[in-house]
Amino acid sequence: MGVTGPIRVVVAKPGLDGHDRGAKVIARALRDAGMEVIYTGLHQTPEQIVDTAIQEDADAIGLSILSGAHNTLFAKVIELLKEREAEDIKVFGGGIIPEADIPPLKKLGVAELFTPGATTTEIVDWVNANVRQPAQT
């Protein structure tokens, strides 16, 4: 598509979850890897996250969810991206997500999910390999 420049990622903490240390660690790792990172802060609504991603011309949205509301929040972000015709923005995330919930979330359109124990290197490498690339089937 001819897109150049650093990968732009919105890192967000949706919902009522107030634990943001992991999101900040990921944001810094992505930044240190040469990406432009927009951290939205705590308690963002899916609407705010999607608005920010579109306004910032983001390539991806990284959601950090530790509250147990991952099924609802990921679904709403994906739905809003479709409504806004911004499905080219890849959605990935991490947090406390049961293994049984991962396949349905990926089927919904979440590109990748990282659970506790994932390293920052693993996440940076995934973003570099998959953002701005065609979806792998």
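The rules we used
Residues numbered from 1 in each chain as written. Predicted model: local features only at pLDDT ≥ 70, side-chain atom pairs only at ≥ 80, totals over all residues. Heavy atoms only, no water. UniProt positions renumbered as here; feature names shortened; annotations may be inferred. Pairing = 2+ DSSP bridges. Helix = DSSP H or I, 4+ residues; strand = E, 2+ residues; numbered from the N terminus. Axes fitted to C-alpha atoms, helices over the stretch in contact; angles between N-to-C directions. Contact = heavy atoms within 4.5 Å. Right-handed = clockwise from strand over helix to strand, strands pointing away. Salt bridge = Lys/Arg side-chain N within 4 Å of Asp/Glu carboxyl O. Buried < 20%, exposed > 50% of the residue type's maximum accessible area, 1.4 Å probe, protein only. Patch = residues over 30% accessible without salt bridge, like charges linked within 9 Å, V, L, I, M, F, W, Y side chains within 5 Å. Areas by Shrake-Rupley, 256 points an atom, 1.4 Å probe, with all protein chains shown as cover. Lys, Arg positive; Asp, Glu negative; His and termini not counted. Charge placed at Lys NZ, Arg CZ, Asp CG, Glu CD. Core = buried A, V, L, I, M, F, W, Y, C linked by side-chain atoms within 4.5 Å. Phe/Tyr/Trp six-rings, centres within 6.5 Å; stacked < 30°, edge-to-face > 60°.

- An unreviewed UniProt entry annotates the chain as Cobalamin B12-binding domain-containing protein originating from Streptomyces durocortorensis.
- What the UniProt record of the chain gives under Cofactor (unreviewed entry) is the line "adenosylcob(III)alamin".

**With respect to the sheet that holds strand β5 (residues 112-114)**
Link 1 in the chain: One open sheet holds the five strands; their spatial order is β2-β1-β3-β4-β5, and the pairing between them is parallel. Of all strands in the sheet, those with a lone pairing partner are β2 (36-39) and β5, marking the two edges. Geometrically, the sheet is characterised by an average inter-axis angle of 20 degrees between neighbouring strands, direction not taken into account.
Link 2 in the chain: Pairing geometry for strand β3 (residues 60-65) and strand β4 (residues 90-95), over six bridges, is parallel. The partner of Ser64 across the bridge, within β4, is Gly94.
Link 3 in the chain: Across the sheet, helix α1 (residues 21-32) is in contact with β1 (8-12), β2, β3 and β4; its angle to β2 comes to roughly 160 degrees.

**Describing the pairing of β2**
Link 1 in the chain: With four bridges joining them, β1 and β2 adopt parallel strand pairing. By the bridge assignment for β2, Val10 is matched with Ile38.
Link 2 in the chain: Handedness of the crossover is the feature at issue here: the chain leaves β1, passes through α1, returns alongside β2, and the resulting connection is right-handed.

**Structural notes on the pattern of salt bridges**
Link 1 in the chain: Across all of its chains, the model carries 10 salt bridges by this definition.
Link 2 in the chain: Of the charged contacts in the structure, one is a salt bridge between Asp32 and Arg31, with a shortest N-O distance of 2.7 Å.
Link 3 in the chain: On the basis of relative accessible area, Asp32 is assigned to the exposed category, the value being 54%.
Link 4 in the chain: Judged by its relative accessible area of 45%, Arg31 falls in the partly exposed class.
Link 5 in the chain: In this structure, Asp51 and Arg84 form a salt bridge, with 2.4 Å as the shortest nitrogen-oxygen distance. Taken together, the positions of Asp51 in helix α2 (residues 46-55) and Arg84 in the loop between α3 (70-83) and β4 put the pair 33 residues apart, joining distant regions of the chain.
Link 6 in the chain: Judged by relative accessible area, which is 42%, Arg84 ranks as partly exposed.
Link 7 in the chain: One network of salt bridges, in which partners are shared, links Arg8, Glu36 and Glu56.

**Focus on a negative patch on the surface**
Link 1 in the chain: On the surface, Asp57, Glu85, Glu87 and Asp88 cluster together to form a negatively charged patch.
Link 2 in the chain: If you trace the backbone, Asp88 turns up in the loop between α3 and β4.

**With respect to the nonpolar core**
Link 1 in the chain: Ile61, Leu63, Phe74, Val77, Leu81, Val91 and Leu113 are the most contacted members of the largest nonpolar core, which has 24 residues in total.
Link 2 in the chain: Listing elements by their share of this core, those giving two or more residues are β1, α2, β3, α3 and α4 (102-108).
Link 3 in the chain: The element that contributes the greatest number of residues to this core is α3, accounting for six residues.
Link 4 in the chain: Ignoring sequence-local partners within four residues, the contact set of Val77 consists of Pro46, Val50, Ile61, Leu63 and Val91.

**What about the packing of aromatic side chains?**
Link 1 in the chain: Using the criterion set out here, one finds two aromatic pairs in the structure.
Link 2 in the chain: Aromatic side chains Phe92 and Trp126 sit 5.4 Å apart centroid to centroid with 50 degrees between the ring planes, which places their arrangement in the tilted category. Here Phe92, found in strand β4, pairs with Trp126, found in helix α5 (residues 120-130); they are 34 residues apart in sequence, far enough to count as distant. Across the pair, Trp126 and Phe92 agree in class, each one buried.
Link 3 in the chain: When the ring of Phe114 is compared with that of Trp126, the centres are 6.1 Å apart and the planes differ by 75 degrees; the resulting orientation is edge-to-face. Here Phe114, found in strand β5, pairs with Trp126, found in helix α5; they are 12 residues apart in sequence, far enough to count as distant. Residues Phe114 and Trp126 agree in their burial class; the two are buried.
Link 4 in the chain: Here the aromatic cluster, defined as three or more aromatic residues joined through ring pairs, consists of Phe92, Phe114 and Trp126.

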